[in-house]
Amino acid sequence: MPAKAAGGYSRAMQRILVTGGAGFIGCNFVHYIMEHTTQHVTVLDKLTYAGNVESLSGLQSERFTFIKGDICDAVLVDELTESVHAVVHFAAESHNDNSLEDPRPFLETNLAGTFTLIEAARRHGKRFHHISTDEVYGDLALDDPHRFTENSVYRPTSPYSATKAGSDMLVRAWVRSFGLKATISNCSNNYGPYQHVEKFIPRQITNILDGNRPHLYGNGRNVRDWIHVQDHSSAVLAILEGGRLGETYLIGADGERSNREVVEMLLSLAGQPRDAYDLVTDRPGHDLRYAIDSSKLRRELGWSPRFPDFEAGLADTVQWYRDNEHWWRPQKAATESKYAGQGH
Ligand code: NAD
Ligand code: TDX
């Protein structure tokens, strides 16, 4: 994408629209913005199975508005986009396993929803930040010395990552064709509070808390590059404030661990034998390894992670799930029965 002058956003701007703000990363970002800026935040969220308004409880009401709605609703999106200075777009169907069962909602939300938002942003000349994932680059061999960079080739492998890749391409095309004032970030795997129990780390934490054995897909050697969700939030704010329009920034915190290592750490934290897990049928098309080189973000914007110690962050996350059973308990049984139906 062509680089344009930095800016298009400052903390002096008073209103931002956050899509998907009742989901895992979106709600953590909303809490971060409320704490670190004086802005008014409007959340637009459809409250799918993955959204939970409880994750937003306790926010100052005069600086915060919640709207239940769909990012594919062009009339609503147009009205909300007109009323803010910037749009930060987190809303998505986000779980790979679900995309293998039923890809259609991924096409609707991730492609048609993003299209609806960028059309509104370009009509009203608003700053737009698109949240994406490292999965658009496919996977790496375990011994590949390279990591993903902003110049890596797009090679998505799942219905989820294909629709995220498509949404990135739409944003890039709107920048070039219509001068959309956009930036894109592609982040690695997030962990931390408020993550749905369908995802790997919360699923295994809550299995252990329930006295059940963690489930590792395949041989457990797949590698993910973990970043604390608060570090994702600080990176997105840094890009909004200083990122060059039209540019893509990769976000990562050098947190590569195999799934097996993560489960062993969780079992150790629970005082259980490190091998008290089960290997289960692998995910079809399971990406082997993701790894992010975030040096562009660090060099250009001076960003660095504030939670680089994965073991410490994981222990805090375990404690959060211990302390907040009321938040995750209502989703647990339905999630496990869905997995059981899928053969896990
Ligand atoms: P999530 O599934 O926890 O939350 C998604 C939110 O979007 C939910 O609140 C849901 O209700 C809402 N939503 C879904 N469809 C909608 C629609 N049509 N209209 C309005 N709202 C809708 O997802 P997450 O893990 O918080 O991911 C947020 C974003 O970050 C996604 O774009 C994802 O691709 C990206 N991302 C996630 C990770 C990760 O590790 N989880 C890593 C990199 C990038
Ligand atoms: O029970 C499990 N056992 C297991 O071994 C689950 C749910 C997962 N896994 C493995 C699959 C992956 O190798 O753990 C790893 C992480 O799985 P997920 O939490 O499903 O995440 P992943 O597929 O890596 O995708 C995540 O990171 C990138 C997010 O869900 C995406 O939204 C994001 O784009």
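Residues numbered from 1 in each chain as written. Chains lettered and ligands numbered in written order. Predicted model: local features only at pLDDT ≥ 70, side-chain atom pairs only at ≥ 80, totals over all residues. Heavy atoms only, no water.

If you check an unreviewed UniProt entry, the protein appears there as dTDP-glucose 4,6-dehydratase from Paenarthrobacter aurescens. Regarding the protein, the UniProt comment filed under Catalytic activity (unreviewed entry) reads as follows: "dTDP-alpha-D-glucose = dTDP-4-dehydro-6-deoxy-alpha-D-glucose + H2O". The record in UniProt for the protein states the following under Sequence similarities (unreviewed entry): "Belongs to the NAD(P)-dependent epimerase/dehydratase family. dTDP-glucose dehydratase subfamily." (UniProt positions renumbered as here; feature names shortened; annotations may be inferred.)

Caption draft 1: Layout of the pairing of strand E5 (residues 127-133). By the criterion of burial, E5 is predominantly enclosed, with seven of the seven residues buried. Residue alternation in E5 divides its side chains into two sets, Arg-127, His-129, Ile-131 and Thr-133 and Phe-128, His-130 and Ser-132, and both sets are buried. Examined bridge by bridge, strand E4 (residues 86-89) and E5 share four bridges and lie parallel to one another. Paired with His-89 across the strands is His-130, a residue of E5. Direction of pairing for E5 relative to strand E6 (residues 182-187): parallel, over a ladder of six bridges. When the bridges of E6 are listed, Ile-131 appears paired with Ser-185. Where the polypeptide runs from E5 across helix H5 (residues 159-178) and back to E6, its parallel neighbour, the crossover connection is right-handed. (Buried < 20%, exposed > 50% of the residue type's maximum accessible area, 1.4 Å probe, protein only. Helix = DSSP H or I, 4+ residues; strand = E, 2+ residues; numbered from the N terminus. Pairing = 2+ DSSP bridges. Right-handed = clockwise from strand over helix to strand, strands pointing away.)

Caption draft 2: Looking closely at the side chain of His-215. If you trace the backbone, His-215 turns up in strand E8 (residues 215-217). For His-215, the side chain forms a polar contact with the side chain of Arg-203, separated by 3.4 Å. (Polar contact = N/O pair within 3.5 Å; in protein donor to acceptor, adjacent residues only side chain to side chain.)

Caption draft 3: Fine view of the packing of helix H1 (residues 24-36) against helix H7 (residues 229-242). Orientation of H1 relative to H7, taken along the N-to-C sense of each, is 65°, at an axis distance of 9 Å. In the packing of H1 onto H7, the handedness of the crossing is right-handed. Between H1, through Phe-24, Ile-25, Asn-28, Phe-29, Tyr-32 and Ile-33, and H7, the contact on the second element is made entirely by Val-229, Gln-230, His-232, Ser-233, Ser-234, Val-236, Leu-237 and Leu-240. Here the residues of the contact of H1 with H7 sort into nine nonpolar, five polar and no charged. (Axes fitted to C-alpha atoms, helices over the stretch in contact; angles between N-to-C directions. Left-handed = near helix turned anticlockwise from the far one by under 90°. Contact = heavy atoms within 4.5 Å. Nonpolar A, V, L, I, M, F, W, Y, C, P; charged D, E, K, R; others polar.)

Caption draft 4: Molecular detail of the site of ligand 1. Taken together, 28 residues lie near ligand 1, and Ile-25, Asp-45, Ser-94, Tyr-160 and Lys-164 sit nearest. The separation between an oxygen atom of ligand 1 and a polar main-chain atom of Leu-47 is 3.4 Å. Within the contact set of ligand 1, a nitrogen atom lies 2.9 Å away from a side-chain nitrogen or oxygen of Asp-70. For ligand 1, the protein covers 97% of the area, taking 840 Å² as the surface of the free molecule. Going through the elements one at a time, H1, E5 and H5 are the ones with two or more residues in the shell around ligand 1. The biggest single contributor to the shell around ligand 1 is E5, with three residues. A breakdown of the residues in the shell around ligand 1 according to their chemical character gives twelve nonpolar, twelve polar and four charged. (Near = heavy atom within 4 Å. Areas by Shrake-Rupley, 256 points an atom, 1.4 Å probe, with all protein chains shown as cover.)

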